[in-house]
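# Architecture at a glance
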Amino acid sequence: MDISSEDETVSAERIRVLHVAEPAGGVDRYLRTLFRYTDNKRIENILVCSQHYAPGDYEGLCDAVENVDMAHEISPADDMRSVAAIRKLIHKYSPDIVYAHSSKSGALLRMADMGISNKVIYNPHGWAFEMDVPDKKKKMYRQIERMQTPFTDRVICISRSERRAALREKICTEYKLSVVWNGIDTDEVKKAVPVSREALGIPEDIPVIGMAGRLVEQKAPDVFTRACALIKRKIPSAYFLIVGGGRLRPQISDMIIRLGLTDCCQITGWVDNPYSYMKIFDVGVLLSRWEGFGLAVPEMMYCGVPVVSSSVGGLREIIADGRNGLLVPPDDPEKAADAVIRILDDQALMDHLRTNGRRTVLRRYDGRRMAEEMEEIYGEVLC
């Protein structure tokens, strides 16, 4: 996609925002929701995305899409090539605002934008120094963030927890920080048709416990799988569904075999519409080891699914323990299994969590609200 010359008169009256994104997953869903609900009479969105994105997914959602190869890990040679490519696109589109999504994109974009006259917004989507990595790496990530803050006009935090971490680690001054909670695409969730249990080989009358997320260390699919084995002992009829893909899939598949779950647990891999799978969950689980927000949790809530999640980062803000979901310690499959069994054994609790979970999303995590708040911030940074 590209901007045609006949659109120049219209686009000159709009705020042009060039977004740069390297990781897919939650950032991909965030961007699609943001673009869907942004007022395109006021805002012109251009996406510069990595090779992990499918440009066709953004047809009709933004004004232009460009692909640039971006290495996820630090690689000086590859990173410099990415910086040069991004800088070329900044010159091509001359945006009013450049907006980086994730730590890696934030580093690449701010290097590419040096000396260019525009405003810079950065959204880490979860601080890299909050990850479960060696202290030496955490220190390096903190230093990179601090060094690049002078080249940033606004830092968007997707939870209060993320804002507190920025202040605690002296990443930047308070006035540069804005909290804009993630929002979900409620229209897409409504339209999603539940997948057929029959097609998945799941009987209609048994409980389905599901996880939706990337199969990476952060999302702790290993902890979920261990919890599944414990649940199976207490509820032999239970079935388990892992919706997503990722580099840990071979290890999780092996774990499923070792724990004797082959006949009652399946991994779907990447799917086009995760909401269709969430809608057949009786209980949804996300046991992340760290999390800036955790988009899958409000998505499951809006699907009418009671949720069990780990008590980390932004997940603690989404879930008011006992009112709209249950919180458990990270890396604790026993507590996670107990929480799931508690919900399945208590219909009143299940109904209570379903109702309050949906209310929570409508009140705080709707995509329209997120887009409106971002539009206000665009106006503020340009003043």
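Up top is the structure these notes are about.
Residues numbered from 1 in each chain as written. Predicted model: local features only at pLDDT ≥ 70, side-chain atom pairs only at ≥ 80, totals over all residues. Heavy atoms only, no water.

### Focus on the overall build of the protein chain
- Counting its secondary structure elements, the protein chain contains 16 helices and 13 strands.
- Here the C-alpha atoms of the protein chain give a radius of gyration of 21 Å, agreeing with the 21 Å that 2.2 N^0.38 yields for 383 residues.
- Dimensions of the protein chain, computed from the C-alpha atoms along their principal axes, are close to 60 × 45 × 35 Å.
- Going through the 383 residues of the protein chain one by one, you find that 58% of them count as buried.
- Contacts in the protein chain between residues at least 24 apart in sequence constitute 68% of all its contacts with a sequence separation of at least 6.
- As displayed, the protein chain has an accessible area near 16,600 Å², and 50% of this comes from carbon and sulfur atoms. (Helix = DSSP H or I, 4+ residues; strand = E, 2+ residues; numbered from the N terminus. Rg over C-alpha atoms; globule rule 2.2 N^0.38 Å. Buried < 20%, exposed > 50% of the residue type's maximum accessible area, 1.4 Å probe, protein only. Contact = heavy atoms within 4.5 Å. Areas by Shrake-Rupley, 256 points an atom, 1.4 Å probe, with all protein chains shown as cover.)

### Some details on the sheet that holds strand E7 (residues 177-179)
- The strand order across the open sheet built from 7 strands is E3-E2-E1-E4-E5-E6-E7, with neighbouring strands paired in parallel fashion. Pairing within the sheet leaves two strands with one partner each, and these edge strands are strand E3 (64-67) and E7. Between one strand and the next, the sheet's axes are offset by a mean angle of 20 degrees, whatever the strand orientation.
- Pairing of strand E6 (residues 154-157) with E7 involves 3 bridges; the strand directions are parallel. (Pairing = 2+ DSSP bridges. Axes fitted to C-alpha atoms, helices over the stretch in contact; angles between N-to-C directions.)

### Describing the pattern of salt bridges
- What the rule picks out here adds up to 28 salt bridges.
- Measuring nitrogen to oxygen at the nearest pair gives 3.7 Å for the salt bridge that ties Asp-351 to Arg-354. With Asp-351 and Arg-354 both in helix H15 (residues 347-364), this residue pair falls 3 residues apart, about one helical turn.
- For Asp-351, a relative accessible area of 36% translates into the label partly exposed. (Salt bridge = Lys/Arg side-chain N within 4 Å of Asp/Glu carboxyl O.)

### Examining the packing of helix H9 (residues 221-234) against helix H14 (residues 333-344)
- In the contact formed by H9 and H14, the axes pass within 8 Å of each other and the chain directions differ by 50 degrees. It follows from the interaxial angle that H9 and H14 lie oblique. Considering only the axes of H9 and H14, their crossing is right-handed. Residues Val-223, Arg-226, Ala-227, Leu-230, Ile-231 and Lys-234 of H9 touch H14, and the partners they reach there are Pro-333, Glu-334, Ala-336, Ala-337, Val-340 and Ile-341.
- Taken together, the residues that form the contact of H9 with H14 break down as 9 nonpolar, no polar and 3 charged. (Parallel < 35°, antiparallel > 145°, perpendicular 65-115°, else oblique. Left-handed = near helix turned anticlockwise from the far one by under 90°. Nonpolar A, V, L, I, M, F, W, Y, C, P; charged D, E, K, R; others polar.)

### Thoughts on the side chain of His-101
- Here His-101 is to be found in strand E4 (residues 97-101).
- A relative accessible area of 0% means that His-101 is categorised as buried.
- A distance of 3.0 Å separates polar atoms of two side chains, one belonging to His-101 and the other to His-19.
- Within the local environment of His-101, its side chain forms a polar contact with the side chain of His-125, the two groups lying 3.1 Å apart. (Polar contact = N/O pair within 3.5 Å; in protein donor to acceptor, adjacent residues only side chain to side chain.)

### Examining the sheet that holds strand E8 (residues 208-212)
- The 6 strands lie next to each other as E10-E9-E8-E11-E12-E13, forming an open sheet whose pairing is parallel. Two strands in the sheet have a free side with no partner beyond their single neighbour: strand E10 (265-269) and strand E13 (326-328). Ignoring which end each strand starts from, the neighbouring axes of this sheet average 20 degrees apart.
- Looking at chain direction, E8 and strand E9 (residues 239-243) are connected through 5 bridges and run parallel. Paired with Gly-210 across the strands is Leu-241, a residue of E9.
- Docked against the sheet, H9 engages E8, E9 and strand E11 (283-286), running at close to 170 degrees with respect to E9.

### Some details on the packing of aromatic side chains
- Summed over the entire model, instances satisfying the criterion amount to 6 aromatic pairs.
- Ring geometry for Tyr-53 and Tyr-58: centres 6.3 Å apart, planes at 40 degrees, overall tilted.
- A residue is classified by how much of its surface remains accessible, and Tyr-58, at 0% relative accessible area, is buried.
- Looking at Arg-110, its charged tip hangs above the ring of Tyr-122, at a distance of 3.9 Å from the centre. (Phe/Tyr/Trp six-rings, centres within 6.5 Å; stacked < 30°, edge-to-face > 60°. Lys NZ or Arg CZ within 6 Å of the ring centre and 35° of its normal.)

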